[in-house]
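Results of the structural survey
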Amino acid sequence: MPLRKVTRMKRTLSFLGLFLFTLSAFSGFAQTDTIPPASVDPELLAIFEAKIPRKYTIADIKVTGNVKFDAAIVISVSGLSVGDEVTIPGGDNFAKAINKLWAQNMFTNINIFITKLEDRNIWVEIVAQERPMLSDFRFSGIRKGEAEELKDKVGLFKSRVVTDNMRLSALEAISKYYTEKGFQGAETKIKELPDPNAAGRVILEFQIDKGNKVRIDQVHFFGNNSVEETKLKKKMKGTKERMRFTLQPDSIWTPYGQVSGMSARQFVQEKKFLIPTQTLQYLEPWFRFRFGSAKFNDKKYREDKEKVLEYYNSIGYRDAVIASDTQYYDRKGNLNVALKVDEGKRYYFGNMTWKGNTKYPDSILNMLLGIRKGEIYNIETLNKKLGKQLSQEGGDISSLYMDNGYLFFQIDPVETSVYNDTIDHEIRIMEGPQATIKNIKIEGNDKTREYVIRREIRTLPGEKFSRSDIIRTQRELSQLGYFNQEKIGINPVPNQEDGTVDINYSLEEKSSDQLELSAGWGGNIGLTGTLGVTFNNFSIKNIFSKESWDPLPSGGGQKLSLRFQSNGRFFRSLNFSFTEPWLGGKKRNSFTVSIFNTRFSNAYNPYTGMFDRNYADSSFLNTTGGSISLGKQLKWPDDFFTLVYTLSYINYESRNYAIFPTFSTGKSSNLNLRIALSRASVDQPIFPRSGSNFMLSGAFTPPWSSFLGIDQNDIYKLVEYHKWRFNAEWFVPLGRATGEDKSRQFVLRFAAKYGFMGRYNKDLPISPFERFQVGDAGLTNNFGVLGYDIIAHRGYPVYQVSDPTINPDISRASNFFTIFNKYTMELRYPFVTNPSSTIFGLAFFEAANGWYSVKQWNPFELRRSVGVGVRFFLPMFGLLGFDYGIGLDRVTATGKLRDASKFTFMLGFEPE
């Protein structure tokens, strides 16, 4: 019988006895089972004890112990094969084989045995003890909801091999999860259970003991002689103490000071704290109560300490340090945090001198720097003014140079003297040569043609490098709507040897086409529904190319829109429009053509109960029109300005349809020229974070009555008016952007809108066409057949009365305004910003109203509303909005909040 000797040692190689060649992966102490030497084969023992190494040939390899892995795979991974020559003793073939198998992390123990020796041929056996596979995992000791959240965080997958790293990663994830929730002492044990239904598989049970949640009772600062403790606490946004109030009959103590002059009962009642009245009767002279969740998170605590020091640095205490800090528990188990601050001396800016500047004189640099001697020292302000902190706003020294081609520009502020509390600086500049753009590379445009992208790019080969041109290019590419605006990458690659720079643009295409689809059937009405498609990246150039139809030719940057809407026999609307943003392909001159036809009819015969157009009392209104627009980008005052000319013609034909009190049967024509001057500088179209939009427009019909006279029998045959509009909106980011992609940030939107409609001839009434419909969600109440300007006012229905004290709900609006004002303020926050969807919430305040004449106009007589809303942008359907608004003046009129609220739905962007 061959003698086997197995030595269990972690990754230790030993050759023992007749056939033993072993490495064991077990941790712990070595354990040896010794077999009497009398059984040892002298020939096999001799090959290991030989003084001169010899080469042997592997005659056969056998694998045992494997269950899940095929023997051929194990042999292949080991690197051994039949016919290989190995040197014994002294060779490393078997050691390398064991290392290779061990590196797979699939085995808990690996042994290699030599089982037979004939001449120079050896027989090898690999014994591999496999790791178990994960059959399932579960959690105990916690709630079901927590277990569901942990399943996604531990990173475990069934049918994977269970490794030590897998266990450690899962434990770390669980510990992190509970630490962030305030359970600092949470403990987790892993229990490995064999799966009774599958051999070689195990079930991992995580036994969790959360312990008590650690809450911060109080945060104390010591040594803060110059800064109030409350200001330092406000900087620690991730380490907040529980709100605590102490009441006594004559004063109330809070963590932020004493409030005197009111009793405990009065304080609670005025502040509306929910304390039962009977509790107040038993208030001691001192009564404390706490509320709020103040979890302790070590990571946030470290970040907050840095924020405290940053605040000190911003007010001149550049030597400030946190000398020591500690956390301790009180008798109730609450955590208290104490920090000792060494403020040091407060410093001020001294003299600023410049060195190395040849392009710009000291006077210009000092003016742009904007730091005067004697101002409080703030290194962050200095770095921002110098441009060492990248910002899209510009206005710093680095932007000044980099906008003029100085890509290799470097700037370094050096402290030259510190005396008393003043610091002098020498700002050293290395201008370097001006860089010329060499190559422009574009990648990621799988659908959009490259020429569509290149015409938006402002960094052109042969021109000098400009940082502002890169920022503007990023904005223009984002405004196209074809690419994921969060993933637009711009990477300048400088070549210092020849003074050039290559600029690489990386893009990620997203769906930009939109579909509108609805259908229904109703009794005598018949089929109802809407079918609309908008192709925002259409290509008319490839319309005859079969390869480009997917489903329509795309990638040319043009816009094609088709829409059909029907309400059975009563209403039908057909719209078509096409836009070429670069007419001629060389300049940003837009061209748009649109055609539409709308018919509204009421031919129901009550005697037959059928739809009958020959019925004498039947009525209809048919509207047909079209427009041609030509837009041009201006260069003065800057190239954010655009001038657009639009020539429109609309024909109205009606029978027994009382559009207005004096017009029910006949024809009317509206020919007008609209001129619009606009400036748009927002950073992106869907969720702007910065920039502004302005628009001033005037629409003019010919003064027909001046040269054709007035036909008193048909005063609306030729419509005449002049109409003026002004819109303005600003977007202001608040605070710092958060999130992994820096997309989470509050944005404040201010907007103002004005409109006025007048007449040429005082003997004619102001045109009833093209007036301003104010109220509701911005959706028309007349199927859009009369061409009103839709002015949304959330929280109110469509109204026709100017007096805000009159309830607008008492009558349905049938007459619309010739003057309106509207003001909006919104606070927005993005929840999701990605190519497939953009979702953001908002809270708003609006004030608007309309009037019928200049004499009635009162810009301070407005209807006010407040509310909240949410916006969803889906590439296929466009922008959807839901708002809940409360008309504040409706509350005054009705006396009930329930009757003053209104839920509104918005489709598309708010009309101009």
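In this text the structure is predicted, and so the values were computed from the model without any measurement.

1. Quick notes on the sheet that holds strand β23 (residues 489–495)
Here three strands make up an open sheet; going across it, the order is β22-β24-β23 and the pairing mixed. Every interior strand has two partners, whereas the edge strands, β22 (436–443) and β23, have only one. This sheet shows a mean twist of 20 degrees between the axes of neighbouring strands, independent of strand direction.

2. Quick look at the nonpolar core
Grouped together as the largest cluster of nonpolar side chains are 25 residues, with contacts concentrated most on I88, F94 and I122. Counting residues per element, the ones that place at least two in this core are β5 (54–64), α2 (71–78), β6 (85–88), α3 (93–103), β7 (107–118) and β8 (121–130). In terms of nonpolar packing, the next biggest core, distinct from the first, is built from 21 residues, V227, M236, Y312 and V341 among them.

3. Some thoughts on the pairing of strand β37 (residues 744–758)
Pairing between strand β36 (residues 722–738) and β37: 14 bridges, direction antiparallel. Within β37, the position partnered with H722 by the bridge is G758. Relative to strand β40 (residues 819–834), β37 runs antiparallel, the two sharing 10 bridges. Residue A751 lies in a different strand from β40, and its bridge partner there is T824.

4. Observations concerning a positive patch on the surface
A surface patch of like charges, here positive, comprises K231, K234, K235, K237, K240 and K307. Take the positive patch: its biggest share by element is three residues, from helix α6 (residues 229–235). By the element assignment, K234 lies in helix α6. On the basis of relative accessible area, K234 is assigned to the exposed category, the value being 57%.

5. Side note on the confidence of the model for the chain
Confidence along the chain averages 81 in pLDDT terms, with 82% of residues attaining 70 or more. Within the chain, the element-level pLDDT minimum falls on strand β1 (residues 7–8), averaging 29, and the maximum on strand β35 (residues 691–700), averaging 96. Here residues 1–38 is a poorly scored stretch, pLDDT under 50, and it has 100 contacts once near neighbours within four places are set aside; other chains count. Note that pLDDT drops below 50 for residues 246–292; the model gives that stretch 82 contacts with residues more than four away or on any other chain.

6. Some details on the packing of helix α4 (residues 144–153) against helix α5 (residues 164–180)
At a minimum axis separation of 10 Å, α4 and α5 run at an interaxial angle of 130 degrees. Here α5 runs oblique to α4, going by the angle between their axes. The interaxial crossing formed by α4 with α5 has right-handed handedness. Contacts between α4 and α5 involve E146, E149, L150 and K153 from the former and A173, I174, Y177 and Y178 from the latter.

7. Overview of α4
For α4, every residue scored as buried is listed here: E146, A147 and L150. The buried side chains of α4 occupy one side of the element, clustering within an arc of 100 degrees when seen end-on. Exposed residues lying more than 90 degrees from the buried face of α4 are K144 and D152. In the core, the buried residues of α4 are packed alongside β9 (133–140), α5 and β11 (201–209). Backbone geometry just downstream of α4 places G155 in the positive-phi region, at approximately 70 degrees.

8. As for the environment of L574
For L574, the position within the fold is in strand β28 (residues 571–580). Residues L574 and F564, spaced 10 residues apart in sequence, show a C-alpha to C-alpha distance of 4.7 Å.

9. So, the packing of α2 against α3
Two numbers describe how α2 lies on α3: the axes approach to 8 Å, and their chain directions differ by 120 degrees. It follows from the interaxial angle that α2 and α3 lie oblique. Contacts from V74, V77 and S78 of α2 reach α3 at A97, K100 and L101. In terms of residue class, the contact of α2 with α3 is built from four nonpolar, one polar and one charged.

10. Things to note about the sheet that holds strand β17 (residues 321–329)
Judged by pairing direction, the sheet is mixed, and its three strands sit side by side in the order β12-β18-β17 without closing on themselves. Looking at the sheet topology across the chains shown, the edges are occupied by β12 (216–222) and β17. Averaged over all neighbouring strand pairs, the angle between strand axes comes to 15 degrees, with direction disregarded. Packed onto the sheet, helix α9 (residues 298–314) meets β12, β17 and β18 (335–342) and runs at close to 145 degrees relative to β17.

11. Things to note about the pattern of salt bridges
Counted by the stated rule, this structure contains 40 salt bridges. Its salt-bridge partner being E118, residue K116 comes within 3.0 Å of it at the nearest N-O pair.

12. What about the packing of aromatic side chains?
For the structure shown, the criterion picks out 28 aromatic pairs. Between the aromatic rings of Y401 and Y406, the centroid separation amounts to 5.5 Å while the plane-to-plane angle is 80 degrees, which identifies the pairing as edge-to-face. As far as burial versus exposure is concerned, Y401 and Y406 are alike and both buried. An aromatic cluster is present here, built from Y360, Y401, Y406 and F409 joined pairwise through their rings. Its guanidinium or amino end placed over the ring of Y360, K359 lies 5.9 Å from that ring's centre, counting from NZ or CZ. Taking NZ or CZ as reference, R472 lies 3.6 Å from the ring centre of F640, over its face.

Analysis parameters
- Residues numbered from 1 in each chain as written.
- Predicted model: local features only at pLDDT ≥ 70, side-chain atom pairs only at ≥ 80, totals over all residues.
- Heavy atoms only, no water.
- Pairing = 2+ DSSP bridges.
- Helix = DSSP H or I, 4+ residues; strand = E, 2+ residues; numbered from the N terminus.
- Axes fitted to C-alpha atoms, helices over the stretch in contact; angles between N-to-C directions.
- Core = buried A, V, L, I, M, F, W, Y, C linked by side-chain atoms within 4.5 Å.
- Buried < 20%, exposed > 50% of the residue type's maximum accessible area, 1.4 Å probe, protein only.
- Patch = residues over 30% accessible without salt bridge, like charges linked within 9 Å, V, L, I, M, F, W, Y side chains within 5 Å.
- Areas by Shrake-Rupley, 256 points an atom, 1.4 Å probe, with all protein chains shown as cover.
- Salt bridge = Lys/Arg side-chain N within 4 Å of Asp/Glu carboxyl O.
- Lys, Arg positive; Asp, Glu negative; His and termini not counted.
- Charge placed at Lys NZ, Arg CZ, Asp CG, Glu CD.
- pLDDT = per-residue confidence, 0-100.
- Contact = heavy atoms within 4.5 Å.
- Parallel < 35°, antiparallel > 145°, perpendicular 65-115°, else oblique.
- Left-handed = near helix turned anticlockwise from the far one by under 90°.
- Arc of directions from axis to C-beta.
- Nonpolar A, V, L, I, M, F, W, Y, C, P; charged D, E, K, R; others polar.
- Phe/Tyr/Trp six-rings, centres within 6.5 Å; stacked < 30°, edge-to-face > 60°.
- Lys NZ or Arg CZ within 6 Å of the ring centre and 35° of its normal.

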